[in-house]
Amino acid sequence: MRIVQILPSLNDGGVERGVVDSNRLYVRAGHESVVISAGGKRVAQIEADGGRHVTLDMRSKNPLTAPWRAWALRRALREIRPDIVHFRSRVPGWLTLWANRALGLPTVSTMHGLNHPGLYSSVMVRADRVICVSTAGRAFVREHYPWVPEDRLAVIPRGVDLETFDPARLDAAWQADFRKRWGLEGKFVALVVGRVSRLKGVDVLIRAVAELKESWPELVALVVGGPQKHQEDYLDELKALARDLGVTDRVVFTGSQSHIPEIDALADVLCSCNVSKPESFGRTVAEALAMETPVVAAAHGGVLDIVRDGQDGFLVPPGDAHALAQALRRVRESAFGPLRPHIADTFTAEKMVQTTLDLYQSLLSR
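(A) A look at the overall build of the protein. The helix and strand tally for the protein stands at 13 helices and 13 strands. Scaling as 2.2 N^0.38, a compact globule of 366 residues should have a C-alpha radius of gyration of about 21 Å, and the protein matches this with 21 Å. By its C-alpha atoms, the protein is 65 × 40 × 35 Å across when sized along the principal axes. Long-range contacts, defined as pairs at least 24 residues apart, comprise 71% of the intrachain contacts of the protein with a sequence gap of at least 6. Of the roughly 15,400 Å² of accessible surface on the protein, 49% is carried by carbon and sulfur atoms. Distance from the positive charge centre (46 side chains) to the negative charge centre (43 side chains) of the protein: 7 Å.

(B) Region of interest: the sheet that holds strand β5 (residues 107-111). Spatially, 7 strands are ordered β3-β2-β1-β4-β5-β6-β7 in an open sheet, and the strand pairing comes out parallel. Looking along the sheet, the strands with just one partner apiece sit at the ends: β3 (52-55) and β7 (153-155). Mean inter-strand twist for the sheet, computed between neighbouring axes without regard to direction, equals 25°. Bridging between strand β4 (residues 84-87) and β5 involves 3 bridges; their strand directions are parallel. In the strand pairing of β5, histidine 86 is matched with valine 108. Strands β5, β6 (129-132) and β7 of the sheet are contacted by helix α5 (residues 135-144), whose axis makes an angle of about 160° with β7.

(C) Quick look at the nonpolar core. Core analysis: the largest hydrophobic core is formed by 37 residues, its most contacted members being Leu205, Ile206, Cys271, Leu324 and Leu328. Beyond its immediate stretch of four places on either side in the chain, isoleucine 206 contacts Leu238, Leu241, Ala242, Leu245, Val247, Val251 and Phe253. In this structure, Ile36, Leu56, Val141 and Leu153 belong to the second largest nonpolar core, which totals 35 residues.

(D) Structural context of the packing of aromatic side chains. Taken as a whole and judged by the stated rule, the model has 8 aromatic pairs. With 4.9 Å between their ring centres and 20° between their planes, tryptophan 174 and phenylalanine 178 make a pair best called stacked. Of this pair, tryptophan 174 and phenylalanine 178 both sit in helix α6 (residues 172-181), 4 residues apart, roughly one helical turn. Taking the centre distance of 6.4 Å and the plane angle of 55° together, the rings of phenylalanine 178 and tryptophan 182 count as tilted. Taken together, the ring pairs connect Trp174, Phe178 and Trp182 into an aromatic cluster. Residue placement shows arginine 332 over the ring face of tryptophan 216; its charged tip is 4.1 Å from the ring centre.

(E) Structural context of helix α11 (residues 321-333). Helix length check: α11 (13 residues) gives 19 Å between terminal C-alpha atoms against 18 Å at 1.5 Å per residue, within 8%. All of the buried residues along α11 are Ala321, Ala323, Leu324, Ala325, Ala327, Leu328 and Val331. Against β8 (188-193), α7 (202-211), β9 (219-224), β11 (269-272), β12 (295-298) and β13 (313-316) lie the buried residues of α11.

(F) Main features of the pattern of salt bridges. Evaluated as defined, the whole model comprises 14 salt bridges. For the salt bridge of glutamate 287 with arginine 17, the shortest nitrogen-to-oxygen distance reads 2.4 Å. In this pair, glutamate 287 sits in helix α10 (residues 283-290) while arginine 17 sits in helix α1 (residues 14-28), placing the two residues 270 residues apart along the sequence. Taken individually, glutamate 287 and arginine 17 each receive the classification buried, so the pair is uniform in this respect. Here glutamate 279 and lysine 200 are joined by a salt bridge, their closest N and O atoms 2.8 Å apart. Taken as a pair, glutamate 279 in the loop between β11 and α10 and lysine 200 in the loop between β8 and α7 lie far apart in primary sequence, 79 residues in all. Residue lysine 200 is classed as partly exposed on the basis of its relative accessible area of 23%.

(G) Quick peek at the packing of α1 against helix α13 (residues 349-365). For the pair α1 and α13, interaxial distance at closest approach is 10 Å and the crossing angle is 70°. In terms of orientation, α1 and α13 fall into the roughly perpendicular class. Viewed along their axes, α1 and α13 form a crossing whose handedness is right-handed. Contact residues: α1 offers Ser22, Leu25 and Tyr26, while α13 offers Ala349, Glu350, Met352, Val353, Thr356, Leu357 and Tyr360.

(H) Summary view of α6. What α6 keeps buried is the set Trp174, Gln175 and Phe178. Looking straight down α6, one finds its buried side chains confined to an arc of 100°; they lie on one side. Away from its buried face, by an angle of more than 90 degrees, α6 presents the exposed residues Ala172, Ala173 and Lys180. In this fold, the buried residues of α6 make contact with β9, β10 (251-255) and α9 (260-266). The backbone nitrogen of alanine 173 has a side-chain oxygen 3.3 Å away, supplied by the residue at the start of α6, namely aspartate 171. Glycine 183 sits one or two positions beyond α6 and adopts a positive phi of about 65°.

(I) Representation of unusual backbone geometry in the model. Even without glycine at this site, arginine 81 takes up a positive phi of about 55°. Considering the arrangement of structural elements, one finds arginine 81 in the loop between α3 (66-80) and β4. Phi is positive for glutamate 292, which is not a glycine, with a value near 65°. Examined against the element boundaries, glutamate 292 turns out to sit in the loop between α10 and β12. Given a relative accessible area of 35%, glutamate 292 falls into the partly exposed group.

Conventions used here
- Residues numbered from 1 in each chain as written.
- Predicted model: local features only at pLDDT ≥ 70, side-chain atom pairs only at ≥ 80, totals over all residues.
- Heavy atoms only, no water.
- Helix = DSSP H or I, 4+ residues; strand = E, 2+ residues; numbered from the N terminus.
- Rg over C-alpha atoms; globule rule 2.2 N^0.38 Å.
- Contact = heavy atoms within 4.5 Å.
- Areas by Shrake-Rupley, 256 points an atom, 1.4 Å probe, with all protein chains shown as cover.
- Lys, Arg positive; Asp, Glu negative; His and termini not counted.
- Charge placed at Lys NZ, Arg CZ, Asp CG, Glu CD.
- Pairing = 2+ DSSP bridges.
- Axes fitted to C-alpha atoms, helices over the stretch in contact; angles between N-to-C directions.
- Core = buried A, V, L, I, M, F, W, Y, C linked by side-chain atoms within 4.5 Å.
- Buried < 20%, exposed > 50% of the residue type's maximum accessible area, 1.4 Å probe, protein only.
- Phe/Tyr/Trp six-rings, centres within 6.5 Å; stacked < 30°, edge-to-face > 60°.
- Lys NZ or Arg CZ within 6 Å of the ring centre and 35° of its normal.
- Expected span 1.5 Å × (residues − 1).
- Salt bridge = Lys/Arg side-chain N within 4 Å of Asp/Glu carboxyl O.
- Parallel < 35°, antiparallel > 145°, perpendicular 65-115°, else oblique.
- Left-handed = near helix turned anticlockwise from the far one by under 90°.
- Arc of directions from axis to C-beta.
- Polar contact = N/O pair within 3.5 Å; in protein donor to acceptor, adjacent residues only side chain to side chain.

Given below as structure tokens:
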């Protein structure tokens, strides 16, 4: 098959990493993989893994330029002649549907987020097949878009690249340098990974650390990730909150990092603190478990498919800093069995890609 994946850009983020993983495994399985985006630092990896990248503006939300961009996409798709077009975000979705009117190519979408329902977001359920990344995602579609036929939906969890997230392949020297650079020696590290945005609930973790600052001086919150675009002020708000609560020295902001497996492995616990909007899946949660790091997560959304309360860590009410603080204490006092086998059995990139390829074949055969 010749497969086209379309997304806004190829920089940081779970969607981008999923596209990179899929591209590599599509090529490995003997398929031709093309990725269309506005570009970014992961383009080189797409091409190194045997895929092809086409640079088009799939990111701008400017409606005045949308007709021209849809026309450019239609021209590109005519040249590529794909068997399947797979879009993974709303702007690329609308551009794909407009471009495809005259082409009639089979389309697949993946709902990576539980976005506010409405006309703009509805594009994600207008493809010929709609992939939901969790049972929570599927329930969201059934609730908000009841007109979508049942046989158009498929639940395909996102997968972890176990070759990359492998405790046996860590760079110990890099880990040691990272610990020293950020003052983490002798600390109990509560980690948050991902772009810093209001949705991630980092403030809940900061409040939990503040609650425990007198009784547990070794506890440190480690926030790994740069600010979400247009939310740079939120990072300043978090730093101000830490200062106001007297825990500036116990909240470490590192910005974006490339050695996520090493960081997962050196952490004592990973925290997923989303409040108002749950994770549609929880990729960072699965990756941490693959590195044998337990998890404390807000009990809603896609993480409920991943975290077994009391076995992989603990689930807490969303937004409850006190409950999070108590769960962190329980992690310190608990001994967890092997965590990686659960991920290896259920949430691998290989399983995700093979199930997706099966869906493509089913669509083409019909």
